[in-house]
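A closer look at the structure
Listed below are the residues making up each chain.
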Amino acid sequence: MELQPRPLSQRRLPDLEIALKSILGFWLLYLALITLRALVLDFPDFWAMLARRGAVVLVGAALTFLVYLALRPLAAASLNRKAVIAGLLCLPASVAFSAFNYYIFYIYAPLDAAEMDAAMKDMTPLQMALQNIAESALSWYFIFAAWASLYVAMSYAKELRAADRRAAAFAREAQEAQLRALRYQINPHFLFNTLNSLSSLILSQRIEKAERMIMNLSNFFRTTLSADPTADIALEDEIKLQRLYLDIEQVRFPERLKVEVDVPPHLASVRVPVLILQPIVENAIKYGVARSRRGVTVRVSAYEEAGRLHLKVKDDGEEPPPLNCDGCGTGVGLKNVCERLIARYGVQAGCFHGPDPEGGFTVHVIMPVNRD
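Residues numbered from 1 in each chain as written. Predicted model: local features only at pLDDT ≥ 70, side-chain atom pairs only at ≥ 80, totals over all residues. Heavy atoms only, no water.

1. Focus: the overall build of the chain
Rules: Every helix listed is a DSSP run of H or I at least four residues long, and every strand listed is a run of E at least two residues long, numbered separately from the N terminus. Note on contacts: a residue pair is in contact if any heavy atoms of the two residues lie within 4.5 Å. Note that accessible areas follow from Shrake-Rupley with a 1.4 Å probe, and for residues the cover is restricted to the protein chains shown.
The helix and strand inventory of the chain stands at ten helices and seven strands. Put simply, 74% of the contacts in the chain that link residues at least 6 apart link residues at least 24 apart. In the form shown here, the chain has an accessible surface area of approximately 20,900 Å², with 60% of it arising from carbon and sulfur atoms.

2. A few points about the packing of aromatic side chains
This is how it is decided: Pairing of aromatic rings covers Phe, Tyr and Trp, the last counted by its six-membered ring, and requires centre-to-centre distances within 6.5 Å; plane angles under 30 degrees mean stacked, over 60 mean edge-to-face, and any other angle means tilted. Exposure is judged per residue with a 1.4 Å probe applied to protein chains only, and the accessible area is read against the type maximum: over 50% gives exposed, under 20% gives buried, and values in between give partly exposed.
Counted according to the given criterion, the structure contains eleven aromatic pairs. On the numbers, 6.0 Å between centres and 75 degrees between planes, the contact of Phe 26 with Trp 27 is edge-to-face. Measuring from centroid to centroid gives 5.8 Å for Phe 97 and Phe 144, while their planes differ by 70 degrees, and the two rings are edge-to-face. Placement of the pair is Phe 97 in helix H3 (residues 79-107) and Phe 144 in helix H5 (residues 125-184), with a sequence separation of 47 residues. The pair Phe 97 / Phe 144 is uniform in exposure class, with both members buried. Linked through ring pairs, Phe 26, Trp 27, Tyr 30, Phe 97, Trp 140 and Phe 144 together constitute an aromatic cluster.

3. Considering the pattern of salt bridges
Definition in use: The rule for a salt bridge is simple: a side-chain nitrogen of Lys or Arg has to be within 4 Å of a carboxyl oxygen of Asp or Glu.
Scanning all chains against the criterion turns up five salt bridges. In this structure, Lys 21 engages Glu 17 in a salt bridge whose closest nitrogen and oxygen atoms are separated by 2.8 Å. Remark: Glu 17 and Lys 21 occur in helix H1 (residues 16-41); sequence separation between them is four residues, near one turn of the helix. Here Lys 21 falls in the exposed class, since its relative accessible area comes to 56%. Taking the shortest distance from any N to any O, the salt bridge between Arg 344 and Asp 232 comes out at 2.6 Å. With a gap of 112 residues between them, Arg 344 in helix H10 (residues 332-345) and Asp 232 in strand E1 (residues 232-234) connect regions that are remote in the sequence. Here the salt bridges share partners, and the residues they tie into one network are Glu 260, Asp 262 and Arg 299.

4. Brief notes about helix H2 (residues 46-71)
The condition is simple: Each helix should span, by expectation, one fewer than its residue count multiplied by 1.5 Å.
Over its 26 residues, H2 runs 37 Å from end to end, which matches the ideal 38 Å to within 8%, given 1.5 Å per residue. If you check which residues of H2 are buried, you get Phe 46, Met 49, Arg 52, Arg 53, Val 56, Val 57, Gly 60, Leu 63, Thr 64, Val 67, Tyr 68 and Leu 71.

Now the structure itself:
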């Protein structure tokens, strides 16, 4: 069984990498700045003071890490709550750091540079210590608060990025589910119409043609059902599927149905959604060929323009009735195509249909050219 990563709030040390990197960077920057200041101002006892500054920085980093450990149970808390509690935790950290800073420079083997900083010599050592610690604690508080603000902001930004990735994953899953649902609408619709045609052939005793239709139907469904509903296929493969379907229909209309395909060779490898042309070609047969008493040509063409693939299915039969009229089709086929294109490409796709100026009916779909 594959183990799934635990949510951020359930991990033992959430945002540990962010905490360690920010603490290390924060205190190293402080050490570099305070050392540069000592060099520029030519402070006495430079190397001895540098060693003590290093010890102070280590203690500061340790106290900062303790603040992080105290914040870790709040991984799932709101930003405001994190900020308030982080501010409160910085108070004891700054006091502890100020006390250690006073000890290392004024109590533990005081250096000349430190002794010159001592003021108000008439105070007792305890009074001087308390006053020094209290005054410096305020300054150190803002140092710790600055790190806490940085850490909380970086942690929150990480959560937002993770939420964005989850939202994007959910959106992709929803889109794939929608594409599958739209794609699976095709087979029952097409099968219903084909079985009606097959029934007519059997009733009229055209057994040989019925057997041919059954074989073509079997090949068609074997091919289409094995394809991923969300996958793209080469345009030439999509055309082959439509030719297979049209072979089925030519059994019904051997004299009336003529087929023309005009797809330039350089567009043969362009990727298109599987069976995107199926409902369109089916409508051309249903409304253009089946209702006509003369020969009707169904023409499938493709061309590229401005980085877009244009696919057209035109028939020169009778103009189909308006969608959703009484006794007419429901318009499921064309609606399915348009919805699939929008779900797949958004505003980069288009779907247009209507009477052709030269007679008949044309459906024109546009999508981005994708050769990957």
